[in-house]
There are 2 protein chains.
Amino acid sequence: MNAEIIAVGSELLLGQIDNTNASFLSRELSSIGINVFYHQAVGDNEARLTSVLQASTERSDIVIVTGGLGPTKDDLTKETVAKLVNKELVYDNETYTRLEAFFISRNRTMTDNNKKQALIVEGAHVLQNDAGLACGMAIKHNDTIFVLLPGPPSELKPMVKSYALAFLQKEMGQQHVIESLILRFFEIGESRLVEELDDLIEAQTNPTIAPLASDGECMLRLTVKGSSTHENMQKLDALKDTILDRVGEYCYGVGEPTLEEVTVNELLTKSATVSSAESLTGGLFAEQLTSVTGTSKCFKGGTICYTNEAKESFGVPASVLAEYGAISEQTAQHLAELAKKTYDSTYAVSMTGVAGPDSSENKQPGLVYIGIATPSTTHIYSIQAGGNRQRVRVLAAKYAMYYLLKELRKKKVDD
Amino acid sequence: MNAEIIAVGSELLLGQIDNTNASFLSRELSSIGINVFYHQAVGDNEARLTSVLQASTERSDIVIVTGGLGPTKDDLTKETVAKLVNKELVYDNETYTRLEAFFISRNRTMTDNNKKQALIVEGAHVLQNDAGLACGMAIKHNDTIFVLLPGPPSELKPMVKSYALAFLQKEMGQQHVIESLILRFFEIGESRLVEELDDLIEAQTNPTIAPLASDGECMLRLTVKGSSTHENMQKLDALKDTILDRVGEYCYGVGEPTLEEVTVNELLTKSATVSSAESLTGGLFAEQLTSVTGTSKCFKGGTICYTNEAKESFGVPASVLAEYGAISEQTAQHLAELAKKTYDSTYAVSMTGVAGPDSSENKQPGLVYIGIATPSTTHIYSIQAGGNRQRVRVLAAKYAMYYLLKELRKKKVDD
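Rules used throughout
Residues numbered from 1 in each chain as written. Chains lettered and ligands numbered in written order. Predicted model: local features only at pLDDT ≥ 70, side-chain atom pairs only at ≥ 80, totals over all residues. Heavy atoms only, no water. Contact = heavy atoms within 4.5 Å. Buried area = accessible area lost by both parts, 1.4 Å probe. Salt bridge = Lys/Arg side-chain N within 4 Å of Asp/Glu carboxyl O. Polar contact = N/O pair within 3.5 Å; in protein donor to acceptor, adjacent residues only side chain to side chain. Helix = DSSP H or I, 4+ residues; strand = E, 2+ residues; numbered from the N terminus. Nonpolar A, V, L, I, M, F, W, Y, C, P; charged D, E, K, R; others polar. Pairing = 2+ DSSP bridges. Buried < 20%, exposed > 50% of the residue type's maximum accessible area, 1.4 Å probe, protein only. Right-handed = clockwise from strand over helix to strand, strands pointing away. Expected span 1.5 Å × (residues − 1). Arc of directions from axis to C-beta. Axes fitted to C-alpha atoms, helices over the stretch in contact; angles between N-to-C directions.

Visitor: Can you lay out the interface of chain A and chain B for me, pointing to particular residues and giving the numbers?
Guide: Counting residues at the interface gives 64 residues for chain A, matched by 65 residues for chain B. Both sides of the chain A and chain B interface together cover about 5,400 Å² of buried area, and 51% of this is carbon and sulfur. Here chain A and chain B share 4 salt bridges between them. Here B:E287 ties to A:R393 by a salt bridge, and the two come within 3.0 Å at their closest N and O atoms. Where chain A packs against chain B, one counts 33 residue pairs in polar contact (both at pLDDT 80 or more). Here the side of chain A that touches chain B takes 7 residues from strand β2 (residues 35-42) of chain A, the largest share from any one element. Grouping the constituent residues of the side of chain A that touches chain B by class yields 24 nonpolar, 27 polar and 13 charged. Taken together, the 5 bridges between β2(A) and strand β2 (residues 35-42) of chain B define a ladder with antiparallel strand orientation. If you follow A:Y38 over to β2(B), its bridge partner there is B:V42.

Here's what the structure looks like:
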């Protein structure tokens, strides 16, 4: 089955936001064996949306429409699709009840605009919104399936993962089973990874190998189509082993769990605890760690000592700051060890560096020292991150997480 | 003149990268008065690219095509456009000379694939590439102008700013000036905002009013087209005043600066300092504040006391935690006041609540207490945030930032 993705919203055409829904949906659809052949974006304009929808039905089996399900007048996706398929808009009782409950719980009056969010195209299959108010829906018309999804990624993503993909898989029938597996790498760039696997990538047919890079991490998504899950998993495992034979030293995880999730899991498994002392990252490391459910069992606390004054009052000796500077191996070591002591944790992580855009202490933006205090010693790493202020901070926090994970995985004898 | 943007590249349809060129181009085109009505992305496939190009000539005056100008086999934009306009590909001497010089300077041999990058559609206006090898070009055919640009943003952006916009402005002859203004709101939902301004939005022509919502914030972008900047600014100011007369109490800022930037600016202007004590947000508030350059002058430090143990060792009395719980007005108040004292700041902010997905202390996910300690007193706010764990955390940090800003802006007499 071939799909196309149509994003509705003038904010896209004005360049106010990037269409990140398109890339997310493309990855998700491809993971269940649906090829995406076109992306489009069109403004909040009925005539232009209609013409785009009409053209889509002539070339695609599945038409995913994102955005325009909100309560305001310029939200006209449902109305336009309803006209196109010759149906009325009707209230979906379940969504309406949920809406009502939401407004009652907040002591707010539900306006007519709000009620609009419970309207569906007559006969549509409702896709529940677990993160917002406007429901999504799927409509079968002639040979086309329209899937309408809300625009905000925070609402669209859970709706796709929880409901839309399952609906589409069912619609496609039980033709084949598709499985995919993600291999997660750190400390190896995408081009180097692709070079090492060049022959495998060139020869790929089934399973396929798709590389993807983001913020210092690299991923490979292996996808296989076959007649049974068992057979698929065998193929995926064989390919995984071949890949890991070559670049396994850089692979920190297999599957969905992110770097933070893998690290939290490792902490919990080892009954270890961690604390943090952050300078340039301003709390980002702790924020990422605590984004994982259940962190309260392993994260004992953190401090953000952004200024020298704060570092000193946390316990970094004034002499160290004066002699080596705040951006130094020495300060990183003190911060990590102080955090470990203050919060009484088995491990502690520190980050100090120059986020930029300006230099600091005559050190260039991007220079970061990371301290990892372990039960027996403290390791100091330095990285030179490229990119703007935000990227430097993101990379610093990610590297700190990765070095912590590496330390947690070391055999005791090495420690 | 109306434009559309066509991105060519299978990596877009696989979701490997976001189409950030589309938003960049939309902003740049809109700044010279060109309306963008469609974005599209299509794979490296001649038949599909041809059909998309053909459709575009029927509805747009300007067709911007990005990507597919590189040296490899799957780069086929020039070839496809040449066929469509019935022209040959010929070498552009100047580009060829530059290519040659590049390879000589690097002691590398120029392959036939590399030479491809100097090919242009016969008669095209060449757009020089100051950041890479493949030249861009503009082709006039019947009533359509095709503009072909390289895919990598690092090459596309300078080409657009230095050459493509100037070319298009010249083609359009007499142009108008366009200005826009962003109004930023908090504590008012998009639907309520739009309702309050319903008649203005209904009647909009020039200036236009575009609402946009994200994570608890709402924005209105006012855009005006006219013969002079002076006249435009007058119109924008008049509309802004009309809008703020109605909903001004919710407007925290005008222009590009974000909530964090406005808050940091307010702190610096008032020579005030702030510190933080975060529970459920795990450092997110401090991370957002320190994402702004220059925060070291106003952010004195923060603590992340995620567990009760950490709250107690920070100074929250065990009796308070036992009697009211960690998720309580009382704990929020203690945390804010302790942070203010510990870091010796003029203001301090605390957040404690249930991020979810599970309840805690029999309190529902989304319940958050925010403490704002001021020089003279401490205010406690509570919010009930909807959505998943990450959204609850984001909203908690945003509301904390907003309540801090409100406090900073209060006249002394109220304090």
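Visitor: Give me the pairing of strand β14 (residues 299-304) of chain B: which residues, what numbers.
Guide: With 6 of 6 residues buried, β14(B) is to be regarded as a mostly interior element. Where strand β14 (residues 299-304) of chain A lies against β14(B), 3 bridges are found, and the strand directions are antiparallel. Counterpart to A:G302 in the pairing with β14(B) is B:I304. Bridging between strand β13 (residues 274-278) of chain B and β14(B) involves 5 bridges; their strand directions are parallel. Looking across to β14(B), one finds that B:V274 is bridged to B:F299. Handedness of the β-α-β unit built from β13(B), helix α12 (residues 284-290) of chain B and β14(B) comes out right-handed.

Visitor: Could you give me a rundown of the pairing of strand β3 (residues 62-66) of chain B, with the residues and numbers involved?
Guide: All names here are of chain B. Across the 5 residues that make up β3, a large majority, 5, are buried. By the alternation rule, side chains of β3 split into I62, I64 and T66 and V63 and V65, which are all buried. Bridge count between β3 and strand β8 (residues 144-149): 5 bridges; the pairing is parallel. Residue I62 lies in a different strand from β8, and its bridge partner there is I145.

Visitor: Describe the pattern of salt bridges, and please don't skip the residues or the numbers.
Guide: In total, this model carries 36 salt bridges over all chains according to the counting rule given. Put simply, A:K235 and A:E231 hold a salt bridge, and the shortest N to O gap is 4.0 Å. Taken together, the residues A:K235 and A:E231, both in helix α10 (residues 229-247) and 4 residues apart, mark about one turn of the helix. The closest approach of N and O atoms between B:K140 and B:E171, which form a salt bridge, is 3.2 Å. Highlighted residues: B:K140 in strand β7 (residues 136-141) and B:E171 in helix α7 (residues 153-172), separated in sequence by 31 residues.

Visitor: Provide a residue-level description of helix α11 (residues 259-269) of chain A, including the pertinent values.
Guide: Residues and elements named next belong to chain A. Here α11 has its buried residues at L259, E260, V262, T263, V264, E266 and L267. Buried residues belonging to α11 abut β9 (177-186), β11 (217-226), β12 (251-254), β13 (274-278), α12 (284-290) and α16 (389-409). With its phi angle positive at about 50 degrees, S271 sits one or two positions after the end of α11.

Visitor: Explain helix α3 (residues 46-59) of chain A to me, and be specific about the residues and the numbers.
Guide: All names here are of chain A. Taking 1.5 Å per residue, 14 residues should reach 20 Å; α3 reaches 20 Å between its end C-alpha atoms and fits that length. Those residues of α3 that fall on the buried side of the exposure criterion are L49, V52, L53 and S56. All buried residues of α3 lie within an arc of 100 degrees about the axis, which places them on one face of the element. The outward face of α3, more than 90 degrees from its buried face, is lined by the exposed residues A47 and E58.

Visitor: Just give me the short version of the sheet that holds strand β10 (residues 208-214) of chain B, but keep the residues and values in it.
Guide: Residue and element names in this part refer to chain B. Taken together, the 4 strands give an open sheet; going across it, the order is β10-β11-β9-β12, and neighbouring strands pair in antiparallel fashion. Strands at the two margins of the open sheet, each flanked by one partner only, are β10 and β12 (251-254). Each neighbouring strand pair of the sheet contributes to a mean axis angle of 20 degrees, computed without reference to strand direction. Pairing of strand β9 (residues 177-186) with β12 involves 3 bridges; the strand directions are antiparallel. Each residue of the ladder has a partner; that of F185, found in β12, is C251.

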